[in-house]
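Overview (structure and organization)
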Amino acid sequence: MSVAVTGTGGAVRPPRPPARRRGPNRRLTGLLFLAPLLIVNVLVIAGPAMMSVAYSFTDWDGINTPDFVGTANYEALAGDPAFHRALGHNLVWTLFFLTVPMGMGLLGAYLLSRVRRGRTLFRIAFFIPYVVATVVSAAVWRQILSPDAGIGPALASFGVPWVGDVNALGDPDLALGAIAMINNWQWWGFLVMLFLTAMQSVNPSLYEAARLDGAGRFREFWHVTLPGIRPTLVFLFLMTIIWSFLVFDFVYILTQGGPAGSTDMLSTLLYRTAFSESRAGVASAVGVVMAVISAVTIAGYLVLRRRLRWEV
């Protein structure tokens, strides 16, 4: 039975409501709501992931009964030049996308934040390449870079003969860079939108304080804008590293890892090993290596976050 309590001023305080107990029924209800999602996660993600780890220790063609071979698949990868080449390409790809698109995205967002008229039009123009299907973008760029009817022969007809001889997707020295620039063409506009949204959330009073202290545009950007968008920046750095080791679509559509393996990635190597060479066990080992790289990246981020006390 609740009793009203009289305060020092004579006012009567209402009785406190009884505290809600989180008994087993509430926990069971929460688990029941989560059960469908957990089941889907186990069937679609956790289950296949564990099976891939198990198959990576077997000699399996993807159809017949797998034979356990221990760490033989990983030993084969350690001595496989194709695996080393693909891993090196992924590292180069990661370095490129951590610098060029990030720099272009920051610059584009900063310049766009200074625009007062037509900002919506610029946003649409930057974002359109990102929403275009990858297959369509790749087909268009394949025609543009075609050595027979692309931009090279068109420029050669105007007196630039050396351009007509360039086959960007067929030259082992140019193919990887060409695919990276095509992917960057589609990707950097999305970064502009994310960075612009983050910049607009920075407190304007910080810029006013910086101007009162005599800071110029560069110092404002370095000491106010970058710290203000750090959560977005760190998140995109982390995801860029992970996505760079999962890149597949543009590479496979444009060159399928060629010419002569000059654009091979871990993902294309995995696909070819599993479906063209019917070595699903080795392909599973490649997939496990990719997962380990992503896990190490996330673990490194968590360590840095704890040591540097990032609020991200």
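Residues numbered from 1 in each chain as written. Predicted model: local features only at pLDDT ≥ 70, side-chain atom pairs only at ≥ 80, totals over all residues. Heavy atoms only, no water.

Each helix and strand in the protein was counted, giving 14 helices and four strands. Once local pairs closer than 6 in sequence are excluded, the contacts in the protein between residues at least 24 apart make up 66%. A total of about 19600 Å² of accessible surface is found on the protein, and carbon and sulfur atoms cover 66% of it. (Helix = DSSP H or I, 4+ residues; strand = E, 2+ residues; numbered from the N terminus. Contact = heavy atoms within 4.5 Å. Areas by Shrake-Rupley, 256 points an atom, 1.4 Å probe, with all protein chains shown as cover.)

Moving on: helix 10 (residues 217–228). An α-helical turn contains 3.6 residues, so any two residues separated by three or four positions project in the same direction. Among the residues of helix 10, Glu220, Phe221, Val224, Thr225 and Leu226 are the ones counted as buried. Considering only its buried residues, helix 10 is in contact with helix 3 (81–113), helix 8 (175–200), helix 9 (204–212) and helix 11 (230–244). (Buried < 20%, exposed > 50% of the residue type's maximum accessible area, 1.4 Å probe, protein only.)

On to the packing of aromatic side chains, then. Enumeration over the complete set of coordinates arrives at 18 aromatic pairs. Between the aromatic rings of Tyr110 and Phe221, the centroid separation amounts to 5.3 Å while the plane-to-plane angle is 75°, which identifies the pairing as edge-to-face. Here Phe221 lies in helix 10 and Tyr110 lies in helix 3, a separation of 111 residues in the sequence. Per residue, the accessibility class of Tyr110 equals that of Phe221, and both read buried. Ring plane angle 40° and centroid distance 5.2 Å describe the contact between Trp187 and Phe190, whose orientation is recorded as tilted. (Phe/Tyr/Trp six-rings, centres within 6.5 Å; stacked < 30°, edge-to-face > 60°.)

Considering soluble globular proteins, one finds that nonpolar side chains tend to be buried as a cluster. By size, the foremost hydrophobic cluster in this structure holds 41 residues, and its most contacted members are Trp93, Leu106, Ile179, Phe195, Met199, Ile229 and Leu254. Mapped onto this core, the elements with two or more residues apiece are helix 3, helix 8, helix 9, helix 10, helix 11 and helix 12 (249–254). With 15 residues, the top contributor of residues to this core is helix 8. (Core = buried A, V, L, I, M, F, W, Y, C linked by side-chain atoms within 4.5 Å.)

When charged atoms on two side chains of opposite charge get close, those side chains can pair. As enumerated under the stated definition, the model contains four salt bridges in all. Residue Asp264 is joined to Arg272 by a salt bridge in which the shortest nitrogen-to-oxygen separation is 2.5 Å. You can call Asp264 buried: its relative accessible area is 2%. Put simply, Arg114, Arg211 and Glu220 are held in one network by salt bridges that share partners. (Salt bridge = Lys/Arg side-chain N within 4 Å of Asp/Glu carboxyl O.)

Pro259 follows Gly258 through a cis peptide bond whose omega is -5°. Topologically, Pro259 is positioned in the loop between helix 12 and helix 13 (266–276). Of note, the phi angle at Ala260 is positive, near 60°, even though the residue is not glycine. Position of Ala260 among the secondary structure elements: in the loop between helix 12 and helix 13. With a relative accessible area of 76%, Ala260 lands in the exposed category.

So, on to the confidence of the model for the protein. Here the protein shows a mean pLDDT of 86. Residues at 70 or above account for 90%. Mean pLDDT values over the elements of the protein span from 52, in strand 1 (residues 5–6), up to 95, in helix 2 (residues 72–78). (pLDDT = per-residue confidence, 0-100.)

With that out of the way, let us pick up the side chain of His89. Position of His89 among the secondary structure elements: in helix 3. Judged by its relative accessible area of 13%, His89 is buried.

Within the element layout of this structure, Ser262 appears in the loop between helix 12 and helix 13. Given a relative accessible area of 11%, Ser262 falls into the buried group. Looking at Ser262, its side chain comes within polar contact range of the main-chain oxygen of Pro259, at 2.8 Å. Each residue touching Ser262, except ones within four places of it in the same chain, is listed here: His89, Pro172, Ala175, Leu176 and Gly257. (Polar contact = N/O pair within 3.5 Å; in protein donor to acceptor, adjacent residues only side chain to side chain.)

What follows deals with a nonpolar patch on the surface. A surface patch of nonpolar side chains, about 500 Å² in accessible area, is lined by Ile39, Val40, Leu43, Val44 and Ile45. Tracing the backbone through its elements, the reader meets Val40 in helix 1 (residues 24–55). Overall, Val40 belongs to the partly exposed group, its relative accessible area being 47%. (Patch = residues over 30% accessible without salt bridge, like charges linked within 9 Å, V, L, I, M, F, W, Y side chains within 5 Å.)

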